[in-house]
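So you can see what is in the structure, the chains are spelled out below.
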Amino acid sequence: GLLVAWARFGPGLEHWQHGFDIGGFCGSFTTFSSFSYQTAVLWREGRKLWAAGYVALSLVLGLLAVVAGFELGAMYFTQGGSSAAAGRW
């Protein structure tokens, strides 16, 4: 979220570069395939509750982290303004 806010509100990037820069940077550290593989291993080992909890917790915490990072970045890069108040969501 913080990287997305930097790309959107910070200096130095053209609008068309946002997806490439953020997707490429974040994609090098986290991949959907490793998340899927870990979930499949838990499921195959019979730990279905762990697999379901892993998916649910990963999604919820991931979404919360994106929202928090975006809000922090919006406050920093817009000199204290909230992205929700400014209609940026």
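As the structure is a prediction and not an experimental result, all values here were calculated from the model.

1. Considering the overall build of the chain
- Secondary structure assignment for the chain yields 4 helices and 0 strands.
- Per-residue burial for the chain yields a buried fraction of 18% across its 89 residues.
- Residue pairs in contact within the chain that sit at least 24 positions apart in sequence constitute 38% of those at least 6 positions apart.
- Carbon and sulfur atoms make up 71% of the accessible area of the chain, which totals about 6,500 Å².

2. Quick word on the confidence of the model for the chain
- Averaged over all residues, the pLDDT of the chain equals 77, while 56% of them reach at least 70.
- Of all the helices and strands in the chain, helix 2 (residues 18-29) carries the lowest mean pLDDT, 62, while helix 4 (residues 48-77) carries the highest, 91.

3. Let's talk about the packing of helix 3 (residues 32-44) against helix 4
- Packing of helix 3 against helix 4 brings their axes to within 7 Å, and their N-to-C directions diverge by 155°. By the angle between their directions, the pair helix 3 and helix 4 is classed as roughly antiparallel. Crossing handedness for the pair helix 3 and helix 4: left-handed. Contact with helix 3, carried on its side by F35, Q38, T39, L42 and W43, involves K48, W50, A51, Y54, V55 and S58 of helix 4 and no other residues of that element.
- Class assignment of the residues belonging to the contact of helix 3 with helix 4 gives a composition of 7 nonpolar, 3 polar and 1 charged.

4. Observations concerning the pattern of salt bridges
- Using the criterion set out here, one finds 1 salt bridge in the structure.
- Where E45 meets R47, a salt bridge forms, and the shortest distance between an N and an O atom there is 2.7 Å.
- Owing to a relative accessible area of 39%, R47 belongs among the partly exposed residues under this scheme.

5. Side note on the packing of aromatic side chains
- Within this structure, the stated rule accounts for 2 aromatic pairs.
- Plain terms: the ring middles of F35 and Y54 are 5.3 Å apart, the flat faces sit at 35° to each other, and that makes the pair tilted. Linking F35 in helix 3 with Y54 in helix 4, this pair joins segments that are 19 residues apart in sequence.
- Aromatic pair Y76 and F77: ring centres 4.9 Å apart, planes at 85°, arrangement edge-to-face.
- For F77, a relative accessible area of 22% translates into the label partly exposed.

6. What about helix 4?
- Over its 30 residues, helix 4 runs 43 Å from end to end, which matches the ideal 44 Å to within 8%, given 1.5 Å per residue.
- For helix 4, the set of buried residues is A51, G69, F70, E71, G73 and A74.
- Two residues or fewer after helix 4 comes Q79, characterised by a positive phi angle close to 60°.

7. Some remarks on the environment of L42
- Relative to the helices and strands, L42 is located in helix 3.
- It is 9.1 Å that separates the C-alpha atoms of L42 and A52, two residues lying 10 residues apart in sequence.
- If we skip the residues at most four places from it in the chain, L42 touches R47, K48, W50, A51 and Y54.

About the criteria used
All residue numbers refer to positions counted from 1 along the written sequence of the respective chain. Two thresholds apply to this predicted model, a pLDDT of at least 70 for residue-level local features and 80 or more for giving and counting side-chain atom pairs, whereas whole-chain, interface and lining totals are computed over all residues. Water and hydrogen atoms were dropped before computing side-chain values, which therefore reflect all heavy atoms in the structure. What counts as a helix is a DSSP run of H or I of at least four residues, what counts as a strand is a run of E of at least two, and both are numbered from the N terminus. Relative accessible area decides the class of each residue, using a 1.4 Å probe on protein chains only: under 20% of the type maximum gives buried, over 50% gives exposed, and in between gives partly exposed. The contact rule is simple, with two residues in contact once any of their heavy atoms fall within 4.5 Å. Surface exposure here means Shrake-Rupley accessible area, sampled with a 1.4 Å probe, where a residue is shielded only by the protein chains that are shown. Every residue gets a pLDDT, meaning the predictor's confidence in that residue, from 0 to 100. For helices, the axis comes from a line fit to the C-alpha atoms of the stretch in contact; other axes are also lines fit to C-alpha atoms, and the angle between any two N-to-C directions lies between 0 and 180 degrees. With respect to orientation, any angle under 35 degrees is reported as roughly parallel, any angle over 145 as roughly antiparallel, any angle of 65 to 115 as roughly perpendicular, and every other angle as oblique. For any helix crossing, the convention is left-handed if the near helix is rotated counterclockwise from the far helix by under a right angle, and right-handed if that rotation is clockwise. Polar here means any residue other than Ala, Val, Leu, Ile, Met, Phe, Trp, Tyr, Cys and Pro, which are nonpolar, and Asp, Glu, Lys and Arg, which are charged; Gly is therefore polar. Between Lys or Arg on one side and Asp or Glu on the other, a salt bridge is scored when a side-chain nitrogen of the former is within 4 Å of a carboxyl oxygen of the latter. Working definition: a ring pair exists when centres of Phe, Tyr or Trp rings (six-membered ring for Trp) sit within 6.5 Å. Plane angles under 30 degrees give stacked, over 60 give edge-to-face, the rest tilted. Working rule for helices: expected span equals 1.5 Å times residues minus one.

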